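In case you want the letters, here they are:
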Amino acid sequence: MPCSTATGLSLSVLGSDSHGLLLWLVSQGCSWLTPVEVFQPWYARALAEYILQRHLQGAEAQSEGGPVAWERGTGGEKPLHIYEIGGGGGTCAANVLDFLKQTVPEVYARTQYVSVEISWHLARRQLKYVAAADEGHVDDGHFSVQNRNAIDRSGTPLLICL
């Protein structure tokens, strides 16, 4: 299981005794550390910045009359759909949504982040983790989990991605 959700610790900064911390985490039953958890919130923020850049470039390309300059506050009208397959404990989703809400609330208002998770246990954990980070992410429909196999085409279809 991912360490940040297993221990309740945030691993955003590994101090001078990082080796000791990692040994302690392993002794607590942590089987692996993902980059999203080790470098949180920075890793997910970097992903969010890339996703946002691509999203805004797509909005510019689709605007009538050619490219337009995007300015904070305008945000365009295009909804942002983010899909994560195998979202673990929900760390990436929570950090990406937090970043969008804090930096570009007008884009966040039209964002839907969907985690496709085959494990019902992890699906439940993701919902709890993201809701604990900010109840609005779940309550306002910005985050949801589809508990299914991502390659099973009988479920809800995924929209066009990057």
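Here, the structure is the one placed above.
Thresholds applied
Residues numbered from 1 in each chain as written. Predicted model: local features only at pLDDT ≥ 70, side-chain atom pairs only at ≥ 80, totals over all residues. Heavy atoms only, no water. Helix = DSSP H or I, 4+ residues; strand = E, 2+ residues; numbered from the N terminus. Contact = heavy atoms within 4.5 Å. Buried < 20%, exposed > 50% of the residue type's maximum accessible area, 1.4 Å probe, protein only. 1 Å grid on protein atoms, 1.4 Å probe; cavity = no way out; pocket = protein on both sides within 12 Å on 5 of 7 lines; lining within 4 Å. Points joined across faces, edges and corners; volume = space filled by probe spheres on them. Nonpolar A, V, L, I, M, F, W, Y, C, P; charged D, E, K, R; others polar. Pairing = 2+ DSSP bridges. Core = buried A, V, L, I, M, F, W, Y, C linked by side-chain atoms within 4.5 Å. Salt bridge = Lys/Arg side-chain N within 4 Å of Asp/Glu carboxyl O. Axes fitted to C-alpha atoms, helices over the stretch in contact; angles between N-to-C directions.

**Q** Sorry, what's going on with unusual backbone geometry here?
**A** Looking along the chain, the bond that leaves Gln40 and enters Pro41 is cis, with omega of 0°. Note that Pro41 resides in the loop between helix H3 (35–38) and helix H4 (42–62).

**Q** What exactly am I supposed to notice about the environment of Ile118 here?
**A** For Ile118, the position within the fold is in the loop between strand S2 (111–117) and helix H7 (120–133). Distance from Ile118 to Ile85, taken between C-alpha atoms, is 8.8 Å for residues 33 residues apart in sequence. Excluding anything up to four places from it in sequence, Ile118 contacts Asn147, Arg148 and Asn149.

**Q** Is there a simple way to think about the environment of Tyr108 in this case?
**A** Within the secondary structure, Tyr108 sits in helix H6 (residues 105–108). Look at Tyr108 and you get buried, because its relative accessible area is 6%. Separated by 29 residues in sequence, Tyr108 and His137 place their C-alpha atoms 9.6 Å apart. Apart from residues no more than four positions distant in its own chain, Tyr108 is found in contact with Leu97, Leu100, Lys101, Gly136, His137 and His142.

**Q** Mind showing me how you'd approach the layout of surface pockets here?
**A** Where empty space is left in the structure can be found by rolling a water-sized probe over the atoms. In this structure, the second largest pocket encloses a volume near 170 Å³. Looking at the second largest pocket, it is lined by 14 residues, and the ones nearest its centre are Thr34, Glu37, Gly87, Gly88 and Gly89. Each residue belonging to the lining of the second largest pocket can be placed in one class, and the counts come to five nonpolar, seven polar and two charged.

**Q** Can you walk me through the pairing of S2 in this structure?
**A** Remark: a regular strand shows side chains that alternate across the two faces of the sheet. Of all the seven residues making up S2, six are buried; the element is thus mostly covered by neighbouring parts of the structure. With six bridges joining them, strand S1 (residues 80–85) and S2 adopt parallel strand pairing. Within the sheet, the bridge partner assigned to Glu84 lies in S2 and is Ser115.

**Q** Looking at this structure, how should I read the nonpolar core?
**A** A general tendency of soluble globular proteins is for nonpolar side chains to be buried together. By size, the foremost hydrophobic cluster in this structure holds 23 residues, and its most contacted members are Ile82, Val96, Leu100, Tyr113 and Phe143. Among the secondary structure elements, those contributing two or more residues to this core are H4, S1, helix H5 (91–103), H6, H7 and strand S3 (143–147). Element by element, the count of residues in this core is highest for H5, at seven residues. Each residue touching Val96, except ones within four places of it in the same chain, is listed here: Ala44, Ala48, Ile82 and Tyr113.

**Q** Help me understand the pattern of salt bridges, please; the structure alone is not making it clear to me.
**A** In a structure, side chains of opposite charge can pair up when their charged atoms sit close to one another. Counted by the stated rule, this structure contains one salt bridge. A salt bridge links Asp134 to Lys101; the shortest N-O distance between them is 2.7 Å. Here Asp134 is found in the loop between H7 and helix H8 (135–139), whereas its partner Lys101 is found in helix H5, with 33 residues between them in sequence. Overall, Asp134 belongs to the buried group, its relative accessible area being 19%. For Lys101, a relative accessible area of 34% gives the class partly exposed.

**Q** What am I meant to see in the sheet that holds S1 here?
**A** Sheets are built from strands paired through backbone hydrogen bonds, the pairs being either parallel or antiparallel. Read from one edge to the other, the open sheet built from three strands follows the order S1-S2-S3, with strand pairing classed as parallel. Unpaired on one side and paired on the other, S1 and S3 mark the two borders of the sheet. Sheet twist, expressed as the average angle between the axes of neighbouring strands with direction ignored, equals 20°. Where S2 meets S3, five bridges bridge the pair, whose relative direction is parallel. Residue pairing for S3: Ser115 is matched across the bridge by Val145. Of the strands in this sheet, S1, S2 and S3 are in contact with H5, which crosses S2 at around 175°. Across the sheet, H7 is in contact with S2 and S3; its angle to S3 comes to roughly 175°.

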